[in-house]
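Listed here are the chains, written in short residue letters.
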There are 2 protein chains.
Amino acid sequence: MSELREKVAELLAPIEADMQRMRAVIAAELESDSPAVRDMTTHVSCFQGKQLRAALVLMVGEATGRRTEEHPEVAAIIEMIHLATLVHDDVLDGAEVRRRVACVNERWDNETAILLGDFLYARAFGLSTRLTSRLPSQLLAATTGRLCAGEIEQAALRYSFDLPQATYEGVASAKTGALYAAACELGARYRLPRAFGPEDAIGREMRAYGEELGLAFQIIDDCLDLTGDPAAVGKSVGTDVEDGKVTLPVLYTYSKSNSSQQARIRDVYTLSSELLGVATEGGARAKLLREEIDLEAGLAYARGRAEELVDRAVGRLGTLPESSARQTLEMVAAFVLGRTW
Amino acid sequence: MSELREKVAELLAPIEADMQRMRAVIAAELESDSPAVRDMTTHVSCFQGKQLRAALVLMVGEATGRRTEEHPEVAAIIEMIHLATLVHDDVLDGAEVRRRVACVNERWDNETAILLGDFLYARAFGLSTRLTSRLPSQLLAATTGRLCAGEIEQAALRYSFDLPQATYEGVASAKTGALYAAACELGARYRLPRAFGPEDAIGREMRAYGEELGLAFQIIDDCLDLTGDPAAVGKSVGTDVEDGKVTLPVLYTYSKSNSSQQARIRDVYTLSSELLGVATEGGARAKLLREEIDLEAGLAYARGRAEELVDRAVGRLGTLPESSARQTLEMVAAFVLGRTW
């Protein structure tokens with residue numbers, strides 16, 4: 001995997017200058033006269049990860065030959081919205097470890113998380129309202145609405161073991177695909193002083209590429225949560241079982257299980273930790289599930305579905321001219337499948 | 001007071017049709033294909049109160065002779081942002097009762113509050129991006145940023161008994177004045193297809209009117225939290241003392257107290273409820289404070305400051321032509337001072 005990671009780092013080199021500009025924009029947006037606010041925004045660095053969504057804005061801009069001088073700002077907005085969702089997720093999930101956040105100390109409580117997330121949303125929208133074109137504001141408002149709706153749906157569908165795959169994918173698309181789709185669509189449609197219209201075919205294809213990539217990413221994420229090693233993944237794992245989220249590998253396994261296995265799966269999700277005889281901390285239920293239920297076929301099925309989506313996404317890149325940026329977008333798709341983090 | 005309330009209702013009659021349109025816009029924005037989302041947005045009605053901020057957009061539009069057909073939508077956006085802050089405040093404060101919300105049942109948890117708040121923000125921004133002028137998007141992004149910064153500052157300044165009045169007012173202005181200011185500024189500056197520029201004198205005066213009104217409102221709110229009857233106020237009272245918020249009446253009282261009284265004030269705020277011998281539910285500390293410390297001079301001082309602000313705000317209305325709308329804005333200011341709710 002580290003070979004693939006190196007390869008991607010190499011391919012990302014051409015957009016590194018713009019990535020630096022994107023980071024500088026975020027840093028400037030987090031500035032404040034208030035020491036209390038600055039104190040809080042220092043926590044943001046604990047959530048900064050791969051910045052893949054920002055990179056997609058820039059790479060799609062390159063690959064479509066439509067990169068503008070405002071692309072780094074658009075990328076910064078996408079990344080800030082992603083950060084806001086991560087920060088609020090920390091309250092939603094009660095996640096214990098996110099991206100090895102030893103730096104988020106005991107002062108990190110629900111209040112901090114809500115205010116910091118709201119502040120990030122406000123600054124991201126504020127930045128979008130100062131751009132030449134209104135497209136980012138419009139697309140990002142719609143996207144965050146869809147993101148929230150996905151989270152709300154997901155909460156309502158907890159402990160649903162008979163969920164149709166399409167419903168699971170609808171939620172996963174809204175939660176994760178939406179922002180990938182917006183990143184790629186903006187990368188392609190943003191131009192100055194106006195944006196390419198909604199009828200623009202390249203914009204539509206890039207949006208679909210992002211949507212499929214994001215859904216694949218989420219499916220792999222769900223697999224890693226079930227099987228992953230927290231040290232490698234860099235955030236809590238096993239939280240989905242703890243939180244009652246029945247993800248694709250479990251849905252598939254459940255649908256292929258006999259009724260006693262199904263009952264046991266439900267028990268592992270729902271019985272109290274005392275009754276199950278497991279620890280209360282995150283990960284114990286997922287571990288028990290792995291020990292008692294053969295998840296291999298379910299995991300293989302989910303990975304197969306992610307591969308199918310990635311293939312379809314990569315196919316869309318065929319509409320773009322050959323370029324190293326296009327090649328990078330292909331590699332990114334492969335990276336999503338191969339990631340262990 | 002009920003006389004004043006009736007009088008205001010009468011004066012509001014001319015904008016009632018626009019208020020209805022504003023409510024219809026909000027209802028449409030809360031619509032969703034997802035039953036889970038609809039389920040959640042039904043909670044919003046529990047937070048709907050006086051809708052004073054929305055009314056200000058419309059009344060200022062009338063009073064300045066600048067009302068447009070999009071004013072009800074602008075008013076809806078302001079109101080939705082206010083609702084989002086109330087919903088998130090519910091997590092921040094751990095408020096027990098807000099506007100007699102028996103209708104927010106046991107399914108109301110932190111997760112619901114965060115998602116519903118985020119959803120409201122997203123829909124409010126989304127609506128603003130579809131208006132003819134970009135001014136509402138720009139102003140509201142800046143306003144929500146300032147709102148969050150105010151909340152963050154406030155959290156950092158808990159248990160600060162030597163806070164300068166200017167610092168207290170800075171936080172209160174950011175928390176409450178900012179949205180009133182934005183409502184009045186938008187009411188005055190919004191026109192189609194473009195807005196009046198930032199140099200527009202009427203826009204600036206109306207903004208200042210809103211800012212002063214909002215700060216006065218917050219000061220009265222802080223007095224009511226200390227003295228109010230929860231049945232009359234319609235939300236939890238005494239929460240400021242519980243949460244360590246040292247508000248103007250207490251700051252003044254503290255500054256005029258001798259050192260043993262000061263120590264007792266600090267004790268009432270900070271000692272465990274066991275040591276104080278009071279109940280753990282909200283309101284017990286404020287009650288103890290009222291019993292042990294003479295707060296009258298502090299409350300009178302705070303009310304005096306609110307009156308001063310309202311006088312200044314009303315003075316600004318002198319720049320507008322005589323009209324019943326202008327008279328309503330004067331009455332609203334009086335209502336802010338006289339309110340018991």
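Note that the structure is predicted; figures quoted are calculated from it, not measured.

What follows deals with the overall build of chain A. Assigned secondary structure in chain A consists of 17 helices and zero strands. Every one of the 341 residues in chain A was classed for burial, and the buried ones make up 50%. For chain A, the share of sequence-separated contacts (at least 6 apart) that also reach a separation of at least 24 residues comes to 79%.

Now for the packing of helix α9 (residues 201-227) of chain B against helix α16 (residues 296-316) of chain B. Residues and elements named next belong to chain B. For the pair α9 and α16, interaxial distance at closest approach is 8 Å and the crossing angle is 160 degrees. The angle between α9 and α16 falls in the class roughly antiparallel. In this structure, the crossing between α9 and α16 has a hand that is left-handed. Contacts between α9 and α16 involve Glu 205, Ala 208, Tyr 209, Glu 212, Leu 213, Leu 215, Ala 216, Ile 219, Ile 220, Asp 222, Cys 223 and Thr 227 from the former and Leu 299, Ala 302, Arg 303, Arg 305, Ala 306, Leu 309, Val 310, Arg 312, Ala 313 and Arg 316 from the latter. Each residue belonging to the contact of α9 with α16 can be placed in one class, and the counts come to 14 nonpolar, one polar and seven charged.

Turning next to the interface of chain A and chain B. On the chain B side, the residues contacting the 34 residues of chain A number 34 residues. At the level of elements, α3 (35-41), α5 (71-93), α6 (110-129) and α7 (135-156) of chain A are the ones that each hand at least two residues to the side of chain A that touches chain B. Counting residues per element, the side of chain A that touches chain B draws most heavily on α7(A), which supplies 13 residues. Along the lines of polarity and charge, the residues of the side of chain A that touches chain B split into 18 nonpolar, 10 polar and six charged.

On to the confidence of the model for chain A. All names here are of chain A. Mean pLDDT over chain A works out to 89, with 90% of the residues at or above the 70 mark. Within chain A, helix α12 (residues 248-255) carries the highest mean pLDDT (98), whereas helix α10 (residues 230-233) carries the lowest (63). If you check the scores for this complex, the pTM reads 0.91 and the ipTM reads 0.90.

Attention now goes to the environment of Glu111(B). All names here are of chain B. Counting through the fold element by element, Glu 111 comes out in helix α6 (residues 110-129). Judged by local crowding, Glu 111 falls into the partly exposed class, with 19 C-beta atoms found within 10 Å. Along the chain, Glu 111 and Thr 328 lie 217 residues apart, while their C-alpha atoms are 40 Å from each other.

So, about the packing of α12(A) against helix α16 (residues 296-316) of chain A. Residue and element names in this part refer to chain A. At a minimum axis distance of 8 Å, the contact between α12 and α16 shows a crossing angle of 130 degrees. Comparing their axes, α16 and α12 come out oblique. Judged by the sense of rotation from one axis to the other, the crossing of α12 with α16 is right-handed. Of the residues in α16, those touching α12 at Leu 248, Pro 249, Val 250, Tyr 252 and Thr 253 are Ala 297, Gly 298, Leu 299, Tyr 301, Ala 302 and Arg 305. Per-class residue counts for the contact of α12 with α16 are eight nonpolar, two polar and one charged.

Before going further, it helps to examine helix α7 (residues 135-156) of chain B. For α7(B), with 22 residues, the first-to-last C-alpha span of 32 Å sits near the 32 Å given by 1.5 Å per residue. Within α7(B), 16 of the 22 residues are buried, which leaves the element mostly enclosed by the surrounding structure.

What follows is about unusual backbone geometry. One can expect most non-glycine residues to show negative phi and most peptide bonds to be in trans. All names here are of chain A. Along the chain, Leu 192 connects to Pro 193 via a cis peptide bond; the corresponding omega equals 0 degrees. Relative to the assigned elements, Pro 193 resides in the loop between α8 (165-189) and α9 (201-227). Phi is positive for Tyr 159, close to 60 degrees, though the residue is something other than glycine. You can see Tyr 159 is positioned in the loop between α7 and α8.

Further remarks concern helix α2 (residues 16-29) of chain A. Residue and element names in this part refer to chain A. Here α2 spans 20 Å end to end across 14 residues, near enough to the 20 Å set by a 1.5 Å rise per residue. Those residues of α2 that fall on the buried side of the exposure criterion are Asp 18, Met 22, Val 25, Ile 26 and Glu 29. For α2, the angular spread of buried residues about the axis comes to 100 degrees, placing them on one side. The exposed residues of α2 that point more than 90 degrees off its buried face are Glu 16, Ala 17, Gln 20, Ala 24 and Ala 28.

In the superposition of chain A on chain B (RMSD 0.0 Å, axial shift 0.0 Å), the rotation amounts to 180 degrees. In short, the pair behaves as if placed about a two-fold rotation axis. Residue Ile114(A), judged by its C-alpha, is the member of chain A lying nearest the rotation axis, at 3.7 Å. Mapped onto chain B, 100% of the interface residues of chain A again fall at the interface, so both copies present the same surface.

All right, on to the nonpolar core then. Ranked by internal contacts, the top residues of the largest apolar core, which has 202 residues, are Val57(A), Ile78(A), Ala216(A), Val57(B), Ile78(B) and Ala216(B). The contacts of Ile78(B), once residues within four sequence positions are left out, are Arg53(B), Ala54(B), Val57(B), Leu179(B), Ala182(B) and Ala183(B).

On to the environment of Met80(B), then. Residue and element names in this part refer to chain B. Looking at where Met 80 falls in the secondary structure, it is placed in helix α5 (residues 71-93). Placed 50 residues apart in sequence, Met 80 and Leu 30 show a C-alpha to C-alpha distance of 9.8 Å. Apart from residues lying up to four places away in sequence, Met 80 is in contact with Ile 26, Glu 29, Leu 120, Arg 123 and Ala 124.

For the rest of this paragraph, the subject is the environment of His43(B). Residues and elements named next belong to chain B. Mapped onto the elements of the fold, His 43 is located in the loop between α3 (35-41) and α4 (52-63). For His 43, a count of 18 C-beta atoms within 10 Å puts it in the partly exposed group. When the C-alpha atoms of His 43 and Leu 271 are compared, they prove to be 36 Å apart, with 228 residues separating the residues in sequence.

Definitions and cut-offs
Residues numbered from 1 in each chain as written. Chains lettered and ligands numbered in written order. Predicted model: local features only at pLDDT ≥ 70, side-chain atom pairs only at ≥ 80, totals over all residues. Helix = DSSP H or I, 4+ residues; strand = E, 2+ residues; numbered from the N terminus. Buried ≥ 20, exposed ≤ 12 C-beta atoms within 10 Å, placed from the backbone. Contact = placed C-beta atoms within 7 Å. Axes fitted to C-alpha atoms, helices over the stretch in contact; angles between N-to-C directions. Parallel < 35°, antiparallel > 145°, perpendicular 65-115°, else oblique. Left-handed = near helix turned anticlockwise from the far one by under 90°. Nonpolar A, V, L, I, M, F, W, Y, C, P; charged D, E, K, R; others polar. pLDDT = per-residue confidence, 0-100. Expected span 1.5 Å × (residues − 1). Arc of directions from axis to C-beta. Least-squares fit on C-alpha atoms with pLDDT ≥ 70 in both. Core = buried A, V, L, I, M, F, W, Y, C linked by C-beta atoms within 7 Å.

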